[in-house]
Structure formats: C-alpha cells, structure tokens
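Summary of structural features
Spelled out from the first residue to the last, the chains are:
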Amino acid sequence: MFISIHLETVVLLLLRSVLDTTQQCLHPAMVSLSTWFRYIAHKLEYSVSLSWKNYKGGQITDREVGDVVWKNFFQGKLTYFHWNKGEEMTPTIDGKAVTLVRKLPTADPTRVFVGDVVVLKDPEKPNNYLVRRLTAIEGYEMVSTDEKDESFILEKDQCWVVAENEKLKAKEANDSRTFGPVQMTDIVGRVIYYLQSAVDHGRVQNSHFSMRKDTPVLEVELDVDEMAKSHKA
C-alpha cells in the first residue's frame, strides 16, 4: 500500500480549518503565516508517520490509515509536558522543572541529532523516562578515558546518551556510562522548552538542525501559563 499526499495542496486546503480549530488555545494571531505553513507541514508529516508506524505494527488496517491520519492531524498536538525531577541535567535543566517535549513518531538519524536533549525510556526501569543529551549515534567510535577499556563502534540503531551535571559521578548520573548504548527506538521525544518558575524558563539548546525544525512548533504550541499551572500542580 502506498500513501500519496501532495503536501502543498493539503496545506492550502487545511490552513483555514486548522486556524479555526486552534485559535482558542494556540494564539494564532501571534504567529506569522509562514510559521503556520511550516507548523502544518510538520504536523501532517507527524500524522502520516505515526499512522504508517501503526499500520506496519498491525495496530490498524489499510482502510483505517486515512482516518487515523486526519484524526491525529486535527485532534492531536506535537508536544506534551514532561516533569523533570532529578539534578542530572543541571545546568541545562536545573532540578525540578516542567519541560515541553516534541513528540517523535520514530527516532532515527533523520529526526534526532547529536546534541539534542531527548526523553527516552529508562533501560533499567521500563515504566520510567529519562532526560539526557544525545552525544553519539550509530557509526561513532566510543573511546574511554580509562586506558583499560577498549574502544568500540556504536552499531546500527544504537546511540549514547549522557547527563550534564559534572558534579555527579558516572554511577550517579544514570546514563550510558553505566547502562551502555541504548536503542534509538527508546527515544520518544526531544525537549524544546523548560520552566522552573514564572520567571525562570526558556528554550532548550539542541542541535542547530533541530532548533530550526522545532521553531514553528514552539511558536504555535508553547503556552507558558499552562506550563506554570502544571508546575504548581
């Protein structure tokens, strides 16, 4: 089965509808038309990718793909809130904070890049999620500072994630230095904004490419007031 979509035509047809359905919660008046076009393109790509993933996984039939694409497009958002509790990512995210995470239907070297702050499944606690910096992907050679450790190359779909708090020892940081390489498929999102208080919040520094891709999503879906309410809850 093939899904064929002429993106420019779809964007033109859906722009007014999306503006109407989101004007109450996403402040479209504050967003330029070009940003809306880029946002809609990202949202459509996400909806198609997620639906195709569900189809390949046997969760939906070929007849349901189209309906699921539009359902995800009109009803879903590209971001969600994640509560960061630990000190592992200090100073990037200093302690307890609400973060805005961009959803990723699949994580691969075309969607996630070295330098990104990502949310991933905890390899040791499947029901837990970690926030860490992606520092290497498949094909990278990993060389230890300890001469006793042999170097190795990350295999296909593997990646290396680390905490940023230099005051923590490796075992305390709970990152790839202790649990080793992780699968790219364990990455579920990229952190694009953080809030620690009403006056302490800002954009998270990711790779240059990701910063560009995430800008329209951030401009449309960021709601600092909602993040502050979530932080207080």
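None of the values given here were measured: they were computed from a predicted structure. (Residues numbered from 1 in each chain as written. Predicted model: local features only at pLDDT ≥ 70, side-chain atom pairs only at ≥ 80, totals over all residues. Heavy atoms only, no water.)

1. Digging into the overall build of the protein
- Regarding its fold elements, the protein presents seven helices and ten strands.
- In the protein, buried positions account for 45% of the 233 residues.
- Long-range contacts, defined as pairs at least 24 residues apart, comprise 61% of the intrachain contacts of the protein with a sequence gap of at least 6.
- Within the structure as shown, the protein displays about 13,300 Å² of accessible surface, and the carbon and sulfur contribution to it stands at 51%. (Helix = DSSP H or I, 4+ residues; strand = E, 2+ residues; numbered from the N terminus. Buried < 20%, exposed > 50% of the residue type's maximum accessible area, 1.4 Å probe, protein only. Contact = heavy atoms within 4.5 Å. Areas by Shrake-Rupley, 256 points an atom, 1.4 Å probe, with all protein chains shown as cover.)

2. A look at the packing of aromatic side chains
- Applying the stated rule across the entire model yields six aromatic pairs.
- Their ring planes at 80 degrees and their centres at 6.3 Å tell us that tryptophan 70 and phenylalanine 73 sit as a pair that is edge-to-face. Taken as a pair, tryptophan 70 and phenylalanine 73 lie in helix H3 (residues 65-75) at a separation of three residues, close to a single helical turn.
- Arranged with centres 4.8 Å apart and planes meeting at 75 degrees, the rings of phenylalanine 113 and phenylalanine 209 form a pair that is edge-to-face. Separated by 96 residues along the polypeptide, phenylalanine 113 in the loop between strand S2 (97-103) and strand S3 (117-122) and phenylalanine 209 in helix H6 (residues 208-221) bring together distant segments of the chain.
- For phenylalanine 113, a relative accessible area of 17% translates into the label buried. (Phe/Tyr/Trp six-rings, centres within 6.5 Å; stacked < 30°, edge-to-face > 60°.)

3. Comments concerning empty space enclosed by the protein
- Applying the stated criterion across every chain yields a total of one cavity of 30 Å³ or more.
- In this model, the largest cavity occupies a volume close to 120 Å³.
- Together, His42, Glu45, Tyr46, Ser49, Leu78, Arg102, Lys103, Leu104, Pro105, Arg111, Arg190 and Lys213 line the largest cavity.
- Among the elements of the structure, helix H2 (33-56) and S2 are those that each provide at least two residues to the lining of the largest cavity.
- The element best represented in the lining of the largest cavity is H2, accounting for four residues.
- A breakdown of the residues in the lining of the largest cavity according to their chemical character gives four nonpolar, two polar and six charged. (1 Å grid on protein atoms, 1.4 Å probe; cavity = no way out; pocket = protein on both sides within 12 Å on 5 of 7 lines; lining within 4 Å. Points joined across faces, edges and corners; volume = space filled by probe spheres on them. Nonpolar A, V, L, I, M, F, W, Y, C, P; charged D, E, K, R; others polar.)

4. Comments concerning the packing of H2 against H6
- Put simply, H2 and H6 touch, their axes get as near as 9 Å, and they point 105 degrees apart. Of the possible angle classes, the one that applies to H2 and H6 is roughly perpendicular. Residues Thr35, Trp36, Arg38, Tyr39 and His42 of H2 form the contact with H6, whose participating residues are Arg212, Lys213, Thr215, Pro216, Val217, Glu219, Val220 and Glu221.
- Tallied by class, residues from the contact of H2 with H6 come to five nonpolar, three polar and five charged. (Axes fitted to C-alpha atoms, helices over the stretch in contact; angles between N-to-C directions. Parallel < 35°, antiparallel > 145°, perpendicular 65-115°, else oblique.)

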